[in-house]
Amino acid sequence: NAGVTQTPKFQVLKTGQSMTLQCAQDMNHEYMSWYRQDPGMGLRLIHYSVGAGITDQGEVPNGYNVSRSTTEDFPLRLLSAAPSQTSVYFCASSALAGVRYYEQYFGPGTRLTVT
Amino acid sequence: EDQVTQSPEALRLQEGESSSLNCSYTVSGLRGLFWYRQDPGKGPEFLFTLYSAGEEKEKERLKATLTKKESFLHITAPKPEDSATYLCAVQAQDTGRRALTFGSGTRLQVQP
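What counts, and where the lines are drawn
Residues numbered from 1 in each chain as written. Chains lettered and ligands numbered in written order. Predicted model: local features only at pLDDT ≥ 70, side-chain atom pairs only at ≥ 80, totals over all residues. Heavy atoms only, no water. Phe/Tyr/Trp six-rings, centres within 6.5 Å; stacked < 30°, edge-to-face > 60°. Helix = DSSP H or I, 4+ residues; strand = E, 2+ residues; numbered from the N terminus. Buried < 20%, exposed > 50% of the residue type's maximum accessible area, 1.4 Å probe, protein only. Pairing = 2+ DSSP bridges. Axes fitted to C-alpha atoms, helices over the stretch in contact; angles between N-to-C directions. Contact = heavy atoms within 4.5 Å. Buried area = accessible area lost by both parts, 1.4 Å probe. Salt bridge = Lys/Arg side-chain N within 4 Å of Asp/Glu carboxyl O. Polar contact = N/O pair within 3.5 Å; in protein donor to acceptor, adjacent residues only side chain to side chain. Nonpolar A, V, L, I, M, F, W, Y, C, P; charged D, E, K, R; others polar. Disulfide = S-S within 2.5 Å.

Asks: Can you help me understand the packing of aromatic side chains in this one?
Replies: For any pair of aromatic rings, geometry is given as the distance between the ring centres together with the angle between the planes. Taken as a whole and assessed by the stated rule, the structure comprises eight aromatic pairs over all chains. Consider the rings of Tyr36(B) and Phe102(B), whose centres lie 5.9 Å apart with planes at 45°: the pair is tilted. On the criterion of sequence distance, the pair formed by Tyr36(B) in strand S4 (residues 30–38) and Phe102(B) in strand S10 (residues 101–102) is long-range, its members being 66 residues apart. The same class applies to Tyr36(B) and to Phe102(B), which are both buried. Site record: aromatic cluster; members linked through ring pairs are Tyr35(A), Phe106(A), Tyr36(B), Phe46(B) and Phe102(B).

See the structure below:
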């Protein structure tokens, strides 16, 4: 198993450009999510999905779009990049287990700089 | 609002010098508390899940404990390879998001 994979590893954008961060998992996990990590602020949830065709907003969704057409893939789209979106982005996935919670597995991250 | 505070922010130990990292939390009903390890330039790596006060989990030199207000990650006789940032996160019972609320982490450096 490759686990959770993310591409690209690094990206530099100019203000106003758009791009898509890719995330894929091969563990057949229903739940997938996107976090951003900023110095001193911890990881914060952007969007999440509990299955194909089902997505919802997290704590900091503004400026980002997601869709989930398959179980394996969960891309994150930046509509019009802003310097405030400079961050490290992590995708995570887990099984859904009802009352109990299964651990989330994280990808290696995408380091994004917006100039 | 759920909150997680980790202390200290940074910790430097000599190899073999045991210590503990603290994670204080406030949450509207705890579903689970999670410990992750993060190496520079990498994604968080899952270590432990704790579900209820009094629970303990161990893995090699690491032991995690949980009370109703805080969790400790005890590191016994650490080695340089234990150097990393340790992240604590909580999940509340009342959220369908299954979102993790993370602390800012403790950066641990173990010197040989």
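Asks: Looking at this structure, how should I read the sheet that holds strand S1 (residues 4–7) of chain A?
Replies: Whenever strands of a sheet pair, they do so through backbone hydrogen bonds, lying parallel or antiparallel. All names here are of chain A. In spatial order, the strands read S1-S3-S8-S7; together these four strands make up an open sheet with antiparallel pairing. Two strands lie at the open edges of the sheet, namely S1 and strand S7 (64–66), each paired on one side alone. Each adjacent strand pair in this sheet contributes to an overall mean axis angle of 20°, direction not counted. Of the strand pairs in this sheet, strand S3 (residues 19–25) and strand S8 (residues 76–78) are connected by three bridges, and their pairing is antiparallel.

Asks: What's the story with the interface of chain A and chain B in this structure? I'm lost.
Replies: Reports of interface size often rely on the accessible area that becomes lost once the parts have come together. Of the residues lining the interface, 24 residues belong to chain A; the matching set on chain B comes to 20 residues. Across the chain A to chain B interface the summed buried area is about 1800 Å²; carbon plus sulfur atoms make up 56%. At the junction of chain A with chain B, the criterion picks out zero salt bridges. Here chain A and chain B share three residue pairs in polar contact (both at pLDDT 80 or more) between them. Secondary structure elements with two or more residues in the side of chain A that touches chain B: strand S4 (31–38) and strand S5 (42–51) of chain A. If one sorts the elements of the side of chain A that touches chain B by residue count, S5(A) sits on top with four residues. Looking at side-chain class alone, the side of chain A that touches chain B contains 13 nonpolar, eight polar and three charged residues.

Asks: Looking at this structure, I do not really get unusual backbone geometry. What am I missing?
Replies: For residues besides glycine, phi is generally negative; the peptide bonds are generally trans as well. Following Thr7(A), the chain continues into Pro8(A) via a peptide bond in cis, with omega recorded as -5°. Its location among the elements puts Pro8(A) in the loop between S1 and strand S2 (10–13). Of the consecutive residues Ser7(B) and Pro8(B), the connecting peptide bond is found in the cis state with omega at -10°. Within the secondary structure, Pro8(B) is located in the loop between strand S1 (3–7) and strand S2 (10–14). Positive phi, close to 55°, is recorded for Glu60(B), a residue that is not glycine.

Asks: Would you take a moment to explain the state of the cysteines for this structure?
Replies: Residues and elements named next belong to chain B. Applying the stated rule across the entire model yields two disulfides over all chains. Here Cys23 engages in a disulfide with Cys88; their sulfurs sit 1.9 Å apart. Handedness here is read from the sign of the S-S torsion; for Cys23 and Cys88, about -65°, the answer is left-handed. Taken as a pair, Cys23 in strand S3 (residues 19–26) and Cys88 in strand S9 (residues 84–92) lie far apart in primary sequence, 65 residues in all. Owing to a relative accessible area of 0%, Cys23 belongs among the buried residues under this scheme. Taking relative accessible area as the criterion, Cys88 reaches 0% and is therefore assigned buried.

Asks: Help me understand the pattern of salt bridges, please; the structure alone is not making it clear to me.
Replies: If charged atoms from side chains of opposite charge come close, those side chains can pair. Scanning all chains against the criterion turns up six salt bridges over all chains. Note that Arg36(A) is salt-bridged to Asp38(A), the shortest N-O span being 2.9 Å. The class of Arg36(A) is buried, set by a relative accessible area of 8%. Residue classification places Asp38(A) among the buried residues on the basis of a relative accessible area of 11%. A salt bridge links Asp39(B) to Arg37(B), with the shortest nitrogen-to-oxygen separation between them at 3.0 Å. Among the residues examined, Arg37(B) registers a relative accessible area of 14% and is labelled buried. One network of salt bridges, with partners in common, ties together Arg36(A), Asp38(A) and Arg44(A).

Shape descriptors only; they carry no functional weight alone.
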